[in-house]
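Chain by chain, the residues:
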Amino acid sequence: MAQVTLSNVDKIYSGAVKAVDDFSLEIKEGEFVALVGPSGCGKSTLLRMVAGLEDISRGTIVIGGRVVNDIPPKDRDIAMVFQNYALYPHMTVRENMAFGLKLRKFPKDEIARRVEDAARILGIGELLDRRPKALSGGQRQRVAVGRAIVRKPAVFLFDEPLSNLDAKMRVQMRVEISRLHAQLGATMIYVTHDQVEAMTMGQRIVVMKDGLIQQVDAPLTVYDQPVNRFVAGFIGTPPMNFVEGHIRREERGLVFDGGPGILLPVGRKAEGAVSAYCGKPITLGLRPEDIGSAVAEQGKDAQILATVDVVEPMGAESFIYLRTPVTTLICRVDAHRQFRVGQETLPAVYMEKAHYFDPVSGTRVG
């Protein structure tokens, strides 16, 4: 395993298109870091630059204390797992896994031992003599991971490796890759557009947008303390609700006025930060689980006057779409709570967990 350090890395394509912009990050030895963001944010381009498959336009990439800017991919001591598996169809699983070692002139007994060890770790020993066409998507992805394991690289790179799998197989492979990281103690960089994958697998996650880092932190920190509106809206399922309004001072204290049906006391934790916005526009952010967990007692609790628009049963919980005169909000509640389409409701709002954002910069202010 090795530390990976990226310093002020840019990638500029013809026409002055900047895919990665001044990217700096230090990934510790043995750390699992997930890069997440929407399509086109530069995360796969960045991974390919670490692998040496893309030239960098500016900056420095260091792997294991060695600057690798001008070192070819085969000499960087990395292994990459791709989205499309990239297996040779005419070779067996055993031959696919051994191919890279054969090119490097490893002894036959060493190749055989490494292949057997990787197959045991991944539970694919019975597949070694099959060809890729005889394998399921999940089995092919295990083989692709196995081909990386046998090389014992300093760094593993994963480029959206689960996006071609069905939902059940994605969950299973998430667990297997996390288990593999714990077992090998290897440095892993994992690219995904799926924030659930990033949250469940990464020790730290890097949220990107338009080639820029938005936030780097532990998953729960990113969830609970997003630095801006983009991160707040991207991380979380269903996404955070946003309501435009303004702060005003009443006898009872500061309140958020979001228009008809939305008049909410500012949580104590945020009062100091948002007091500067009295009489000014501000954006309120509410997680779906912080709305509707109980019915408000009128006149006592923070509440929103709303009508149930859509009910989506999800098994243990339900997503309820609430229509107000000014916006639609999503809340996440226990599936046994009964809501009917068209029903008027007064859901309680847990304002101590509310977030506030500057409407111009998008920066979280409280």
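Our subject is the structure that appears above.
Here the residue index of a chain counts from 1 through its sequence in written order. Reporting of local features is limited, given that this is a predicted model, to residues whose pLDDT is at least 70; pairs of side-chain atoms are given and counted only at 80 or more, and all residues count toward the totals for whole chains, interfaces and linings. Only hydrogens and water are removed before side-chain values are computed, so all heavy atoms of the structure are retained for them.

1. Examining unusual backbone geometry
Cut-off, in case you're wondering: Going along the chain from the N terminus, every DSSP run of H or I of four or more residues is numbered as a helix, and every run of E of two or more is numbered as a strand.
Here the bond from Thr237 into Pro238 is cis, since omega is -10°, no more than 30 degrees from zero. You will see that Asn8, though not glycine, has its phi angle at about 50°, which is positive. Position of Asn8 among the secondary structure elements: in strand S1 (residues 4–13). At Lys152, a residue that is not glycine, the phi angle is positive and equals roughly 50°.

2. Considerations on the packing of aromatic side chains
Selection criterion: Ring geometry is summarised as follows: Phe, Tyr and Trp rings, the Trp one being its six-membered ring, pair when their centres sit within 6.5 Å, and such pairs are stacked at plane angles under 30 degrees, edge-to-face over 60 and tilted between the two. Under the scheme applied here, a residue whose accessible area is under 20% of the maximum for its type counts as buried, over 50% as exposed, and between as partly exposed, the area being computed with a 1.4 Å probe on protein chains only. A ring is considered to have a charge above it if a Lys NZ or an Arg CZ atom is located within 6 Å of its centre and within 35 degrees of its normal.
Enumeration according to the criterion identifies six aromatic pairs in this entry. Judged by centre distance (5.0 Å) and plane angle (65°), the ring pair of Tyr88 and Phe99 falls under edge-to-face. Of this pair, Tyr88 sits in the loop between strand S6 (78–81) and helix H2 (93–103) while Phe99 sits in helix H2, and the two are 11 residues apart along the sequence. Overall, Phe99 belongs to the partly exposed group, its relative accessible area being 26%. Residues Phe158 and Tyr190 carry aromatic rings whose centres are separated by 5.7 Å and whose planes lie at 35° to one another, so their mutual orientation is tilted. Taken as a pair, Phe158 in strand S7 (residues 155–159) and Tyr190 in strand S8 (residues 187–192) lie far apart in primary sequence, 32 residues in all. Judged by its relative accessible area of 0%, Phe158 falls in the buried class. Aromatic ring contacts, followed pair by pair, group Phe32, Phe156, Phe158 and Tyr190 into a single cluster. Between Arg229 and the ring centre of Phe242, over which it is positioned, the NZ or CZ distance is 4.2 Å. Stacked on the ring of Tyr223, the Lys or Arg Arg287 has its end atom at 4.0 Å from the ring centre.

3. Remarks on helix H4 (residues 137–149)
Defined as follows: A helix's residues, less one, multiplied by 1.5 Å, set its expected span. Residues count as neighbours in contact if any of their non-hydrogen atoms are within 4.5 Å of one another.
In this model, H4 (13 residues) spans 18 Å end to end at C-alpha, consistent with the 18 Å of a helix rising 1.5 Å per residue. Most of H4 sits out of view: 11 of its 13 residues are buried. Turning to H4, its buried residues number three or more, namely Gly138, Gln139, Gln141, Arg142, Val143, Ala144, Val145, Gly146, Arg147, Ala148 and Ile149. Tucked inside the fold, the buried residues of H4 contact S6, H2, helix H3 (108–122), S7 and helix H5 (167–184).

4. Some points on the nonpolar core
Rules: Grouping buried Ala, Val, Leu, Ile, Met, Phe, Trp, Tyr and Cys residues that are joined through side-chain atoms within 4.5 Å yields what is termed a nonpolar core.
With 36 residues, the main nonpolar core has Met97 and Phe158 as its most contacted residues. For Phe158, the contacting residues outside a window of four places in its chain are Leu47, Val81, Val145, Ile177, Met188, Ile189, Tyr190 and Val191.

5. A few points about the packing of H4 against H5
Helix-helix packing is characterised by the crossing angle of the two axes and by the distance between the axes. Our working rule: Fitting a line to C-alpha atoms yields each axis, with helices limited to the stretch in contact; the angle taken between N-to-C directions then spans 0 to 180 degrees. If an angle is under 35 degrees, it is roughly parallel; if it is over 145, roughly antiparallel; if it lies from 65 to 115, roughly perpendicular; otherwise it is oblique. Crossings are assigned a handedness: left-handed for a near helix turned anticlockwise from the far helix by less than a right angle, right-handed for a clockwise turn. By the convention adopted, Pro, Cys, Tyr, Trp, Phe, Met, Ile, Leu, Val and Ala count as nonpolar, Lys, Arg, Asp and Glu as charged, and the other residues, Gly among them, as polar.
With their axes 11 Å apart at the nearest point, H4 and H5 run at an angle of 15° to one another. What the angle tells us is that H4 and H5 run roughly parallel. Between H4 and H5 lies a crossing of right-handed hand. When H4 is examined against H5, the residues Gly138, Gln141, Arg142, Val145 and Ile149 are found in contact with a partner set consisting of Met169, Gln172, Met173, Glu176, Leu180 and Leu184. Of the residues that constitute the contact of H4 with H5, the class distribution is six nonpolar, three polar and two charged.

6. A short note on the pattern of salt bridges
What counts is decided by this rule: Salt-bridge detection follows one rule: a side-chain nitrogen of Lys or Arg within 4 Å of a carboxyl oxygen of Asp or Glu.
Enumeration according to the criterion identifies 21 salt bridges in this entry. Taking the shortest distance from any N to any O, the salt bridge between Arg48 and Glu54 comes out at 3.7 Å. Classification of Glu54 as buried rests on a relative accessible area of 19%. Put simply, Arg248 and Asp257 hold a salt bridge, and the shortest N to O gap is 2.7 Å. Salt bridges linked by common partners bring Asp10, Lys18, Asp21, Asp22 and Arg58 together as one network.

7. Quick word on empty space enclosed by the protein
Operational definition: Buriedness for pockets is judged along seven lines, at least five of which must meet protein on both sides within 12 Å for an open set on the 1 Å grid over protein atoms alone, while cavities are sets there where a 1.4 Å probe fits but cannot get out, and lining residues have an atom within 4 Å of a point. Grid points are joined across faces, edges and corners, and a volume is the space filled by probe spheres set on the points.
Summed over the entire model, instances satisfying the criterion amount to one cavity of 30 Å³ or more. As a volume, the largest cavity reaches approximately 30 Å³. Taken together, Leu6, Ile27, Leu35, Leu46, Val50 and Ile189 make up the lining of the largest cavity.

8. Notes on the pairing of strand S18 (residues 328–334)
Here is the rule we go by: A pair of strands is treated as paired once DSSP finds two or more bridges between them.
Inspection of the sheet shows strand S17 (residues 317–323) paired to S18 by seven bridges, in the antiparallel sense. Counted as the bridge partner of Phe319 is Arg332 from S18. Connecting the antiparallel pair S17 and S18 is a turn made up of four residues.

9. Topic: the packing of H2 against H3
Across the interface, H2 lies against H3 with an axial gap of 10 Å and an inter-helix angle of 135°. Considering the angle they form, H2 stands oblique to H3. Once H2 is placed against H3, the crossing between them reads as right-handed. Taken together, the residues of H3 that come into contact with H2 (itself represented by Arg94, Met97, Ala98, Leu101 and Lys102) are Ile111, Arg114, Val115, Glu116, Ala118 and Ala119. The residue makeup of the contact of H2 with H3, split by class, is seven nonpolar, no polar and four charged.

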